[in-house]
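# Structure assessment
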Amino acid sequence: MTLRCIDLFAGCGGTSTGATLAGLEVVAALNHWPVAVETHSLNHPRVHHVCQDIATVDPSSMPAHDVMLASPSCVGHTKARGREQSHHDACRATADDVLRFAEANSPRLVVVENVPEMVEWKRYRSWRMGWSDLGYRVSENILDAADCGVPQHRRRLFVVASRTRRPIVIPQPTERHLAAREVLDLDAGPWADVATWCERTRSRIANARAEHGDDFLVPYYGSETGGRSLDRPIGTLTTVDRYALVRGDRGRMLTVAEALRLSSFPAGYRLAGNRRDGMKQIGNCVPPWLARHVIRSVVAQVFA
């Protein structure tokens, strides 16, 4: 029998794609951003879609399901958020809605994805105890997408809550690391003269050239002082253009199609919206191959 799952905070569908690859049927996906919901609909047309703030959704309206997948907002947890702002508490509190949905529907298995910094949240301990109060065993697992064969280093926390005798632990993946050059189109343009780029980026390029030669990746912003070899996975993709490809004295930002491949989306995956929307969706996603490993591993233990 095919297991049924719902995907909360589904975004553009990375987790749903991974669940499908793992053999599950995604029956519902919920997200508040219309562009992401449109993308999800384009690629998962048989799924019931809800475009709404989760705080206003009645959890009993969800179709019957065995597994609940959720990626509550990481904005209040991630170190990339910058200084604390008034809306960060509200972002962190979206994790409470996952508990609310679990209490209403009692799925046998719940997988919650976030950044590793979530465990430093001042309310994390009480949130975790909430799962115990509902009868779940809980484990925390940190995995890197690159270890699942995704050509991108992306460390993520997966909290597994299960109605089992013991907590379910995700085995660490050991796939071969895929180099960024294997999925980039190294000859595609348009190119710009890197001498026209800002001083800080030119400094990074000079440092990267000394270490990696003529061809490399360089962050266009951030605290890094150099670049990255094309012979290793790229660094974490964010919600705005971050990495540029440099070849000699020419450079260009990565394309949306390349960002999709760097995140392990299948060929032909369609994104709604403009380029900026596309990069935002990819920067927020769970890479499908990472999701596949997580879901396949825990399902095998819970539903054996």
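Above this text sits the structure in question.
Read on for a plain summary of the structure. Keep in mind it's a predicted model, so treat the numbers as computed, not measured.

Further remarks concern the overall build of the protein. When its secondary structure is counted, the protein shows nine helices and eleven strands. Scaling as 2.2 N^0.38, a compact globule of 304 residues should have a C-alpha radius of gyration of about 19 Å, and the protein matches this with 20 Å. On the principal axes, the C-alpha backbone points of the protein span a range of 60 × 40 × 35 Å. In the protein, which comprises 304 residues, the proportion classed as buried is 53%. Restricting the contact set of the protein to residue pairs at least 6 apart, pairs at least 24 apart contribute 67%. Entry remark: accessible area of the protein is about 13900 Å², with carbon and sulfur atoms responsible for 49%. Each charge class in the protein was averaged separately, 38 positive and 33 negative side chains, and the resulting centres sit 3 Å apart.

This brings us to the pattern of salt bridges. Think of it this way: side chains of opposite charge can pair up when their charged atoms draw near. In total, this model carries eleven salt bridges according to the counting rule given. Linking E258 and R252 is a salt bridge whose minimum nitrogen-to-oxygen distance equals 2.8 Å. For the pair E258 and R252, one class covers both residues: buried. Residues joined by salt bridges that share partners form a network here, namely D187, D215 and R247.

This part is about the sheet that holds strand β10 (residues 243–247). Here we have four strands laid out as an open sheet, ordered β8-β11-β10-β9, and antiparallel in their pairing. Edge positions in the open sheet fall to β8 (192–193) and β9 (215–219), since each of these has one partner strand only. Where β9 meets β10, five bridges bridge the pair, whose relative direction is antiparallel. Looking across to β10, one finds that V218 is bridged to A244. Seen against the sheet, helix α6 (residues 199–212) touches β9 and β10 and runs at an angle of roughly 145 degrees to β9.

The next point concerns the state of the cysteines. When the sulfur atoms of two cysteines share a covalent bond, that bond is a disulfide. Going through the model one piece at a time under the given rule, you end up with zero disulfides. Cysteine C5 remains unbridged, with the sulfur of C12 as its closest cysteine sulfur at 16 Å. Not engaged in a disulfide, the cysteine C285 finds its nearest cysteine sulfur in C12; these two sulfurs lie 5.1 Å apart. Judged by relative accessible area, which is 6%, C285 ranks as buried.

A word on a nonpolar patch on the surface. Taken together, the side chains of Y220, Y221 and V240 define a hydrophobic patch exposed on the protein surface, amounting to about 240 Å² of accessible area. Here V240 lies in the loop between β9 and β10. Look at V240 and you get partly exposed, because its relative accessible area is 43%.

Analysis parameters
Residues numbered from 1 in each chain as written. Predicted model: local features only at pLDDT ≥ 70, side-chain atom pairs only at ≥ 80, totals over all residues. Heavy atoms only, no water. Helix = DSSP H or I, 4+ residues; strand = E, 2+ residues; numbered from the N terminus. Rg over C-alpha atoms; globule rule 2.2 N^0.38 Å. Buried < 20%, exposed > 50% of the residue type's maximum accessible area, 1.4 Å probe, protein only. Contact = heavy atoms within 4.5 Å. Areas by Shrake-Rupley, 256 points an atom, 1.4 Å probe, with all protein chains shown as cover. Lys, Arg positive; Asp, Glu negative; His and termini not counted. Charge placed at Lys NZ, Arg CZ, Asp CG, Glu CD. Salt bridge = Lys/Arg side-chain N within 4 Å of Asp/Glu carboxyl O. Pairing = 2+ DSSP bridges. Axes fitted to C-alpha atoms, helices over the stretch in contact; angles between N-to-C directions. Disulfide = S-S within 2.5 Å. Patch = residues over 30% accessible without salt bridge, like charges linked within 9 Å, V, L, I, M, F, W, Y side chains within 5 Å.

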